[in-house]
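Chain by chain, the residues:
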There are 2 protein chains.
Amino acid sequence: MEMGSDEKVGLMRKGFEWVKKWVKGLVAKLVEVRSKAIALGKDDPRRVIHSLKLGLALTIVSILYYYNPLYANFGVSAMWAVMTVVVVFEFSVGATLRKGLNRTFATLFAGALGAGAHYLAALSGHVGQPIITSIFVFLLACILTFMRFVPSIKAKYDYGMMIGILTFALVSISGIQDDEVVLLFEKRISTIFLGVCVCVLISISISPVWAGQDLHNRIALNIENLAIFLEGYGSVECLKSLQDEQFTQEYKSILKSSGIEETLYNSARWEPGHGCFQFRHPWNQYLKIGALTSQCAFRIDALCRNLSSSNIQVSQKIQTEIQETCMEMSMESGKALRQLVSSIRELTQPTQAQIYTQNSKSAAKRLKTSLRSSHFWEDCDFLTLVPAATVGLLLIDVVECTEKISEAVQELASLAHFKSGKAEPMQIEKEKVQPNIGVSFVTIPISSV
Amino acid sequence: MEMGSDEKVGLMRKGFEWVKKWVKGLVAKLVEVRSKAIALGKDDPRRVIHSLKLGLALTIVSILYYYNPLYANFGVSAMWAVMTVVVVFEFSVGATLRKGLNRTFATLFAGALGAGAHYLAALSGHVGQPIITSIFVFLLACILTFMRFVPSIKAKYDYGMMIGILTFALVSISGIQDDEVVLLFEKRISTIFLGVCVCVLISISISPVWAGQDLHNRIALNIENLAIFLEGYGSVECLKSLQDEQFTQEYKSILKSSGIEETLYNSARWEPGHGCFQFRHPWNQYLKIGALTSQCAFRIDALCRNLSSSNIQVSQKIQTEIQETCMEMSMESGKALRQLVSSIRELTQPTQAQIYTQNSKSAAKRLKTSLRSSHFWEDCDFLTLVPAATVGLLLIDVVECTEKISEAVQELASLAHFKSGKAEPMQIEKEKVQPNIGVSFVTIPISSV
């Protein structure tokens, strides 16, 4: 008996230990989840606001159920308003508008078509009706599903196509059991319209998230990251390895971000004019600039990999003939990009960027010329010269890409009618940026640009 | 009066012309649409089959409406089966399963939760019920919407979260007007389950599209495209410009295809075992290989851009010291990739690839050594040597990347337990490929690899 009691105590202790462990694990998990959620919310507080906005929209449309006179009118069709809010409410105004308009118009057209199909099928009597309806539904479903594979339709009307199939099927099939097809359809379209209106109104009125603004900021940030690298690279002994430097981290975010710009673009084109942007703002130009920035980031990546794999000894000759020119090229194109960033952010014409671009261009030209001159190659340590020259050539590659970015931004500025910027005197700019480097500025008059 | 009649005739003629033009335009447009649709179908005939499958699934679930005994049982809840089919039926089996399982389980859990919330709210009487219900709905909607921003949840359960909000809101709110919440919910979950079953069965039984198989084929094709470039590049005078060659087009498709692999992966992980793949096939290893192939393609792009911008004069010395080594490196790593492709396609261990990788590695080593030897740089035309050396260094960059691809594929082969391949004699392989190039094979015994 003693042993039995001991066993019981042991078992209870084991059980207690297990529960204690489990609770501890649960608490640790909850703390982890909480800290993760806080990090997610701090990273972009608009996420929290979006969640609250959706909750609010849902609460508003649920009044259709709570308030008896409304429910007496709409009945179970009130369900469609709830469904619409949950499905249509997206993070940005543009995405919400795209889904909302797709849903409304697809329901309208496909519903009318479905009602037509129902009356046509009803002519063929009780036996024929299901068969004719089935054929209609099958055909329309096949055609619209196939149309969803067309890339241009997929980008803009994918959701509308799906809702089209759904509505056509529901309206024409349910007509078989219920002859009040039109009445039912009227209620449904009005509740859907109500849901879309609630979504769009809340999305626009309470701290709106504009996909266009996001796209605009994102492009500026990406160019700024390139500028940070190039200015940083231009301010150090740029033929040495760069592993520990802070500025090499910035451009890497661009390598991973392809696809996001396209998503933002697909939403931005649905947005009305907002802030500084007109309705038909040239959003597709942003895609072009985005492609160029990611190209530039990949070239910078190639440059960095080359630097980290080769160990360059900088002799006096390389110092004066390559390194300084490289530093100037890098610094000047960095400044050009910096100008582009501020011109994008302030929506002004990027007039000053051309000067810096021209400076970096002429530095690149000088580098090319010295690499080509036989004078340069006489009595020199070739083993260190080749890696240094390679870095120079790769940097020329990068600089060429920044020129293309500059052109694309200028095109954007003229397409979107950016206002002409105030002509700051060049001298001030020069003194502001990195005064510790003795780089000779090759200033070229604007008229020759 | 004469004039009036003339005018009328003129007007009619104009009208007729306009109609003729319009009809012509319409016909031309229709012909264009038709040819585009045919091209789209020919490009991937599975698209046509998918459209027919969806039509079939929709026709099957619409029997719930046509067949009176069934309709008597389910009533308007039959609508949920139609809705499920339209929304859940996706192109691949994996995507269909993901959406179907998400929808079923989210409806089940959120529905039960919603019913619980309804009974809890009902305790607070007629006045309190809408308020309590609103608070519940608001809270749950906020929490689940916020959870959709967590990347790991978004990748797997995004759709489930949305359906969760929807079902919870519908069940708990509709309880206010209709006390038969549980009965309604039972009907809804059973029709949704029915819809999901129809989708999954048709998706699997009629010419199934497996996302896993697609991912597998895609990775093999991408590596093959790299192999085509490297073999082609190894068979020409590789320091000359490559603009007109056929083989430079293949690798470019890889540059644009990022993101597709991730979509396929997200579907493939839901798929049961199929064909040669087990249920827990290491699909994430494919993502790793995909990232490496696109890296390799970007490096090849850098190489090609460098070649097209520099005009290299090939002297005798460069010919023997750089060009031939480059050709060997390129050809050997091309062959290694070709071996990897056939090992992926046949699901065998890539034993032979190591030999070729080793060959290209030792060629790269030789190139590095000769670029480092002072003997090489004596009395030589430096102006052509630097661009040639740069191309050599960039090619070394490419070759290093192919080694990484080879390692990743070997890891895949061991993770997925590929069967050991038949040991073909090396000699045969050697004679098969490009006998017109006099490349010396540096064969290294496998034991040292």
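Residues numbered from 1 in each chain as written. Chains lettered and ligands numbered in written order. Predicted model: local features only at pLDDT ≥ 70, side-chain atom pairs only at ≥ 80, totals over all residues. Heavy atoms only, no water.

**Side note on the overall build of chain A**
The helix and strand inventory of chain A stands at 18 helices and zero strands. Here chain A, with 449 residues, has 52% of them falling under the buried criterion. Considering only residue pairs separated by 6 or more positions, chain A has 81% of its internal contacts joining residues 24 or more positions apart. Total accessible area computed for chain A in this model is approximately 21600 Å², and 62% of it derives from carbon and sulfur atoms. (Helix = DSSP H or I, 4+ residues; strand = E, 2+ residues; numbered from the N terminus. Buried < 20%, exposed > 50% of the residue type's maximum accessible area, 1.4 Å probe, protein only. Contact = heavy atoms within 4.5 Å. Areas by Shrake-Rupley, 256 points an atom, 1.4 Å probe, with all protein chains shown as cover.)

**Things to note about the state of the cysteines**
Two cysteines joined by a covalent bond between their sulfur atoms form a disulfide. Counted by the stated rule, this structure contains zero disulfides over all chains. Not engaged in a disulfide, the cysteine C142 of chain A finds its nearest cysteine sulfur in C199 of chain B; these two sulfurs lie 14 Å apart. (Disulfide = S-S within 2.5 Å.)

**Structural notes on the interface of chain A and chain B**
Between chain A and chain B, the residue contacts involve 61 residues of the former and 61 residues of the latter. Note on chain A versus chain B: buried area summed over both sides is about 5800 Å², and carbon and sulfur give 78% of it. Taken together, the connections running from chain A to chain B amount to zero salt bridges. Ranked by residue count, the leading element in the side of chain A that touches chain B is helix α2 (residues 46-61) of chain A, at ten residues. In the side of chain A that touches chain B, the residues fall into 41 nonpolar, 15 polar and five charged. (Buried area = accessible area lost by both parts, 1.4 Å probe. Salt bridge = Lys/Arg side-chain N within 4 Å of Asp/Glu carboxyl O. Nonpolar A, V, L, I, M, F, W, Y, C, P; charged D, E, K, R; others polar.)

**Details of the packing of helix α2 (residues 46-61) of chain B against helix α9 (residues 181-205) of chain B**
Residues and elements named next belong to chain B. Closest axis-to-axis distance for the α2/α9 pair is 10 Å, and the angle between their directions is 145°. Of the two elements, α2 crosses α9, and the hand of that crossing is right-handed. Across the interface between the two elements, K53, L56, A57, I60 and V61 from α2 touch G195, V198, I202 and S203 from α9. Residue classes in the contact of α2 with α9 are distributed as six nonpolar, two polar and one charged. (Axes fitted to C-alpha atoms, helices over the stretch in contact; angles between N-to-C directions. Left-handed = near helix turned anticlockwise from the far one by under 90°.)

**A word on the packing of aromatic side chains**
Summed over all chains, the structure comprises 17 aromatic pairs over all chains. Ring geometry for F277 of chain A and W283 of chain A: centres 5.2 Å apart, planes at 55°, overall tilted. Accessibility expressed as a relative area gives 4% for F277 of chain A, which makes it buried. A ring pair is formed by F229 of chain B and Y251 of chain B, whose centres lie 5.4 Å apart and whose planes are at 70°; its orientation type is edge-to-face. Here the residue F229 of chain B occupies a position in helix α10 (residues 211-234), and Y251 of chain B occupies one in the loop between α10 and α11 (252-255), the gap between them amounting to 22 residues. For the pair F229 of chain B and Y251 of chain B, one class covers both residues: buried. Each residue in the set F91 of chain A together with F146 and F149 of chain B is aromatic and connected to the rest through ring pairs, giving one cluster. (Phe/Tyr/Trp six-rings, centres within 6.5 Å; stacked < 30°, edge-to-face > 60°.)

**Considerations on the relation of the copies chain A and chain B**
The operation linking the two copies of the chain is a rotation about an axis combined with a translation along the axis. Turning chain A through 180° and shifting it by 0.0 Å along the axis lays it on chain B, with an RMSD of 0.1 Å. In symmetry terms, the pair is related by a two-fold rotation axis. Of all interface residues in chain A, 100% are interface residues in chain B too; the two copies therefore contact each other through one and the same surface. (Least-squares fit on C-alpha atoms with pLDDT ≥ 70 in both.)

**Focus: the packing of helix α12 (residues 260-268) of chain A against helix α13 (residues 283-309) of chain A**
All names here are of chain A. Where α12 meets α13, the closest approach of the two axes is 10 Å, and the angle between their N-to-C directions is 175°. The angle between the axes of α12 and α13 places the two elements in the roughly antiparallel class. Residues E261, E262, Y265 and A268 of α12 form the contact with α13, whose own contacting residues are W283, N284, L287 and G290. Per-class residue counts for the contact of α12 with α13 are four nonpolar, two polar and two charged. (Parallel < 35°, antiparallel > 145°, perpendicular 65-115°, else oblique.)

**Some thoughts on helix α7 (residues 125-147) of chain A**
Here α7 of chain A spans 32 Å end to end across 23 residues, near enough to the 33 Å set by a 1.5 Å rise per residue. Every buried residue of α7 of chain A is accounted for by G128, Q129, P130, T133, S134, V137, L140, A141, C142, L144, T145 and F146 of chain A. (Expected span 1.5 Å × (residues − 1).)

**Re the pattern of salt bridges**
Scanning all chains against the criterion turns up 32 salt bridges over all chains. Between R46 of chain A and D214 of chain A there is a salt bridge, with the nearest N and O atoms lying 3.0 Å from each other. Taken together, the residues R46 of chain A in helix α2 and D214 of chain A in helix α10 (residues 211-234) connect sequence positions 168 residues apart. R218 of chain B is paired through a salt bridge with E261 of chain B; the nearest N and O atoms lie 3.5 Å apart. Taken as a pair, R218 of chain B in helix α10 and E261 of chain B in helix α12 (residues 260-268) lie far apart in primary sequence, 43 residues in all. What makes R218 of chain B partly exposed here is its relative accessible area of 23%. One network of salt bridges, in which partners are shared, links E224, E231, R338 and R345 of chain A.

**Examining the side chain of S203 of chain B**
Residues and elements named next belong to chain B. Structurally, S203 is set in helix α9. Overall, S203 belongs to the buried group, its relative accessible area being 2%. For S203, the contacting residues outside a window of four places in its chain are K53, F89, S92, V93, T96 and P208.

**Focus on the confidence of the model for chain A**
Residues and elements named next belong to chain A. Mean pLDDT over chain A: 83, with 88% of residues reaching 70 or higher. Mean pLDDT values for the elements of chain A range from 37 in helix α18 (residues 426-432) up to 93 in α2. Across the interfaces of the predicted complex, the ipTM metric reaches 0.82, alongside a pTM of 0.82. (pLDDT = per-residue confidence, 0-100.)

**A short note on a nonpolar patch on the surface**
A cluster of nonpolar side chains, contributed by W18, V19, W22, V23, L26, V27, L30 and V31 of chain A, occupies part of the molecular surface with about 800 Å² of accessible area. Looking at the element boundaries, V23 of chain A is found in helix α1 (residues 2-43). (Patch = residues over 30% accessible without salt bridge, like charges linked within 9 Å, V, L, I, M, F, W, Y side chains within 5 Å.)

**Description of the environment of Q177 of chain A**
Following the sequence through the fold, Q177 of chain A ends up in the loop between α8 (151-174) and α9 (181-205). Sequence-wise, Q177 of chain A and Q278 of chain A are 101 residues apart; in three dimensions their C-alpha atoms are separated by 49 Å. Ignoring any residue separated from it by four or fewer positions in sequence, one finds Q177 of chain A in contact with Y65, Y66, N68 and Y71 of chain B.

**Regarding helix α14 (residues 316-346) of chain B**
Note: α-helices contain 3.6 residues per turn, so residues at a spacing of three or four share the same orientation. Relative to the 45 Å expected for 31 residues at 1.5 Å per residue, α14 of chain B spans 43 Å between its end C-alpha atoms, a close match to the ideal helical length. The sharpest bend along α14 of chain B reaches about 30° and sits at Q323 of chain B. (Bend = angle between axes of the 7 residues up to and from the residue.)

**With respect to the environment of V171 of chain A**
Residues and elements named next belong to chain A. Its place among the elements puts V171 in helix α8. Residue classification places V171 among the buried residues on the basis of a relative accessible area of 3%. Discounting chain neighbours no more than four positions away, the residues touching V171 are G111, G114, A115, V181, F185 and R188.

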